[in-house]
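Breakdown of the fold
The primary structure of each chain is shown beneath.
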Amino acid sequence: MMNNLNYINGEWTGKNLQQSPVYNPSTGEVVSEVPKGGKQEAVQAVAAASDAFEGWADQTAYDRSKLLRKFFDLMIEHEDELAEIMTKEMGKPFKEAKGEVHYAANYLEWYAEEGKRIYGETIPTHVPNKRLQVWKKPIGVVAAITPWNFPAAMLTRKMGPALAAGCTVVIKPSSETPLTAIKLVELAEKAGFPKGVINIVTGSSREIGEVFLTDERVRKVTFTGSTEVGKKLMEQGASTVKKLSLELGGHAPIIIYNDADIEKAVNGTIASKFRNAGQTCVCGNRIYVQSDIYDEFVDAFADRTKQLQVGDGMKEGTDIGPLINEAGVEKVDEHVKNAVSNGGVVVAGGHRIGEKGNFYSPTVVKDVNPSMLIMNEETFGPVAPIQKFETEEEVIQLANDTPYGLAAYVFTESVSRGTKTIEKLDFGIVGWNDGAPSAVQAPFGGMKESGLGREGGHQGIDDFLEMQYVSIGI
Ligand code: SIN
């Protein structure tokens, strides 16, 4: 039985605070309530994490690894329960939620091992009576601010490397989806992490965020969310020169050349575009198709899109769940209407579904152009806009013409064309004939205004470590 409270210094707290409802986006019903924490609770959690830091950092990487591994095992043991909580508070189909639970758990398992491989360096000396070394140390208290679109994976992608490196953690989950995060903390407690090492505070993003960004005891803030909020965090963190990792917005181009395997391109585009109902930072948002295969691709892609089943995530066979809230639906609808009023042609979907819930039909709009809202702003919904192009130079220019630089996709069977194109693309992640490139062992993150730092892979632990150069006179 879940308590849905905050967890600070090894105690479940917040029962006496005002409570905030958590809604099921599929039905609008209240799933549960969580405490509306604020400044005071955030300060308490930071103090607990700060007090616990020395003891946790002093444990060996092997001891920390054992706890992370136990945490991983418990996630797998509770996969159905976690997936159901996620579907009910976030809306994604149960089978997709279960996939996310595994994706999330794998970050814990991977960093349980990677923590054992935090190597320092020995540098050749320039004088005989000195030895020069680089030591690596955990950065300190880490504050993690996580989004609603991947309530489990975005948390473990931060917690896994932070804990493995020897950092203590304070979590602020999204107010839309705090229940999955609380359940994860409950499992972490069961795994046996010492008190104060992991803390979670739900409630006011403004008040809790301000503590995270301004309290000197927090040495690092790691955030996944919009570019707009990321920029504000950078400003707020300036007074304490806060170390920041930012995984921000994206506006991914999908480039489909005339030598692409059409079936691969359709499958990859469906996977990229409609995962999580299009509510991912890496999902394709602009599809560019070379003119000689344009009609063939549009027809095949629209046919597949029409087969996707929209519905409640707990219903068997659902491919696409609801959007997170009414504002999300309105934005999607605005993008579609704007495209149509500027010459776009809807060839699948194009409308809201039902009176209740935040459902929008999987939509394909062809003949779009760069002036449309949808080709410039992150849609965060199940809409695929398709534009025709003629040459490689033209499509590379179109693809890079954005302040974002998170993910891009290229479909071509030509190694030479693929290589030349990808070398010119300013995006941190590229799927080449692959619509689902994310993997725990690979670095995830963006160029330009899509963020700072990388999560995942051996690179992902560096952001939680300080480098200390030591010159030893002998
Ligand atoms: C995201 O959309 O921010 C994360 C998606 C992923 O990890 O693949």
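No experiment lies behind these values; they were computed from the predicted model shown. Counting starts from 1 at the beginning of each chain's written sequence and moves along it residue by residue. With pLDDT at 70 or above as the cut-off, local features in this predicted model cover only qualifying residues; side-chain atom pairs require 80 or more to be listed or tallied, and sums for whole chains, interfaces and linings still use all residues. Based on all heavy atoms of the structure, the side-chain values leave hydrogens and waters out of the count.

1. Notes on the site of the ligand
Basically, it comes down to this: Here a residue is near a molecule or strand as soon as one of its heavy atoms is found within 4 Å of it. Counting of polar contacts relies on pairs of N or O atoms within 3.5 Å, with two restrictions inside protein: one atom must be capable of donating a hydrogen and the other of accepting it, and residues adjacent in sequence are counted only when both atoms are side-chain atoms. To measure how exposed things are, a 1.4 Å probe is used in the Shrake-Rupley method; for residues, cover is taken only from the protein chains shown.
Neighbouring the ligand are Y103, N149, F150, M154, R157, E247, R275, T280, C281, V282, S438 and F444. For the ligand, an oxygen atom lies 2.7 Å from a polar atom in the side chain of Y103. Contact between the ligand and E247: an oxygen atom at 3.1 Å from a side-chain N or O atom of the residue. Contact with the protein chains removes 100% of the 260 Å² of surface that the ligand exposes when unbound.

2. Considering helix α4 (residues 94–114)
Worth spelling out the cut-off: Runs of H or I in DSSP of at least four residues are treated as helices and runs of E of at least two as strands, each being numbered from the N terminus. Here the expected span of a helix is defined as 1.5 Å times the quantity of residues minus one. Exposure is judged per residue with a 1.4 Å probe applied to protein chains only, and the accessible area is read against the type maximum: over 50% gives exposed, under 20% gives buried, and values in between give partly exposed. Should any heavy atoms of two residues lie within 4.5 Å, those residues are considered in contact.
Here α4 contains 21 residues, and its C-alpha end-to-end distance of 30 Å stays within 8% of the 30 Å for a straight helix at 1.5 Å per residue. Within the sequence span of α4, burial applies to A97, E100, V101, Y103, A104, A105, Y107, L108, Y111, A112 and E114. On its buried face, α4 sits against α2 (61–77), α3 (79–90) and α5 (153–165).

3. A look at the domain arrangement of the chain
To keep things clear, this is the line we draw: Domain extents, as shown, originate in an automatic or database domain assignment. When a carboxyl oxygen of Asp or Glu lies within 4 Å of a side-chain nitrogen of Lys or Arg, that pair is called a salt bridge. Each residue is assigned to one of three groups, with Ala, Val, Leu, Ile, Met, Phe, Trp, Tyr, Cys and Pro labelled nonpolar, Asp, Glu, Lys and Arg labelled charged, and all others, Gly among them, labelled polar.
According to the domain assignment, the chain consists of domain 1 (6–248 + 450–473) and domain 2 (252–439). In this structure, domain 1 and domain 2 have C-alpha centres spaced 31 Å apart. Listed per partner, the contact involves 26 residues of domain 1 and 28 residues of domain 2. Across the domain 1-domain 2 interface, the total number found is one salt bridge. For D319, the salt bridge is made with K95, and the minimal N-O distance between the two is 3.4 Å. Those elements that place two or more of their residues in the side of domain 1 that touches domain 2 are α3 and α4. Residue composition of the side of domain 1 that touches domain 2, grouped by class: nine nonpolar, eight polar and nine charged.

4. Here's the deal with the packing of α3 against α4
Applicable threshold: Where helices are involved, their axes are fitted lines through C-alpha atoms of the stretch in contact, as for all axes, and angles between N-to-C directions lie from 0 to 180°. An angle counts as roughly parallel when it lies under 35 degrees, as roughly antiparallel when it exceeds 145, as roughly perpendicular when it falls between 65 and 115, and as oblique in every other case. Crossing chirality is assigned from the near helix's rotation relative to the far helix, an anticlockwise turn below a right angle marking it left-handed and a clockwise turn marking it right-handed.
Here α3 crosses α4 at 120°, and the two axes come no closer than 8 Å. In terms of their interaxial angle, α3 and α4 are classed as oblique. Crossing handedness for the pair α3 and α4: right-handed. Here E79, D80, L82, A83, E84, M86 and T87 of α3 come into contact with α4, specifically with F94, A97, K98, E100, V101 and H102. In terms of residue class, the contact of α3 with α4 is made up of six nonpolar, two polar and five charged.

5. Quick notes on the packing of α4 against α5
Following both chains from N to C, one finds α4 and α5 inclined at 10°, their axes separated by 8 Å at the closest point. With respect to their mutual orientation, α4 and α5 come out roughly parallel. When α4 is examined against α5, the residues E100, Y103, A104, Y107, L108 and Y111 are found in contact with a partner set consisting of A153, T156, R157, G160, P161 and A164.

6. Focus on the pairing of strand β7 (residues 141–145)
Stated formally: Strand pairing is defined by DSSP finding a minimum of two bridges between the two strands.
Counting buried positions along β7 yields five of five residues, so the element is predominantly enclosed. Bridging between β7 and strand β8 (residues 168–172) involves five bridges; their strand directions are parallel. Within β8, the position partnered with A143 by the bridge is V170. Bridge count for β7 against strand β10 (residues 218–224) is five bridges, and the pairing is parallel. Considered in β10, the bridge of V142 is made with K220.

7. Looking at the pattern of salt bridges
Within the structure shown, the criterion is met by 24 salt bridges. Residues K98 and D80 are paired through a salt bridge, measuring 2.8 Å at the closest nitrogen-oxygen approach. You can see K98 sitting in helix α4 and its partner D80 sitting in helix α3, a full 18 residues away along the chain. Judged by relative accessible area, which is 40%, D80 ranks as partly exposed. Within the structure, one salt-bridge network assembled from shared partners comprises R157, K158, E247 and E455.

8. Details of the sheet that holds strand β14 (residues 345–348)
The strand order across the open sheet formed by seven strands is β14-β17-β18-β13-β12-β20-β21, and the pairing between neighbours is mixed. Because the sheet does not close on itself, it has two edges, and the strands there are β14 and β21 (429–432). Averaged over all pairs of adjacent strands, the angle between strand axes in this sheet comes to 25°, irrespective of strand direction. For strand β12 (residues 252–256) and strand β20 (residues 407–411), the ladder comprises three bridges, and the chain directions are parallel. Following the sheet pairing, I256 is matched in β20 by F411. Relative to the sheet, helix α12 (residues 392–400) contacts β12, β13 (284–290) and β18 (383–389), its axis offset from that of β13 by approximately 170°. Lying on the sheet, helix α13 (residues 415–424) is in contact with β12, β13, β20 and β21; it crosses β21 at an angle near 165°.

9. Considerations on the sheet that holds strand β6 (residues 130–138)
Taken together, the three strands give an open sheet; going across it, the order is β5-β6-β24, and neighbouring strands pair in antiparallel fashion. Unpaired on one side and paired on the other, β5 (121–123) and β24 (465–473) mark the two borders of the sheet. Between one strand and the next, the sheet's axes are offset by a mean angle of 25°, whatever the strand orientation. Direction of pairing for β6 relative to β24: antiparallel, over a ladder of nine bridges. Bridging across to β24, P138 finds its partner in L465.

10. Describing α5
Taking 1.5 Å per residue, 13 residues should reach 18 Å; α5 reaches 18 Å between its end C-alpha atoms and fits that length. Summarising burial for α5: 13 of the 13 residues are buried, a large majority. Where α5 terminates, the next one or two residues include G166, which has phi positive at roughly 105°.

11. Section: unusual backbone geometry
The phi torsion at N9 lies on the positive side, around 55°, for a residue other than glycine. Within the secondary structure, N9 sits in the loop between β1 (6–8) and β2 (11–13). Residue class for N9 comes out partly exposed when judged on its relative accessible area of 31%. The phi dihedral of F380 falls on the positive side, at around 55°, and the residue is not glycine. Turning to its location among the elements, F380 is positioned in the loop between β17 (363–366) and β18. Note on F380: relative accessible area 18%, which makes it buried.

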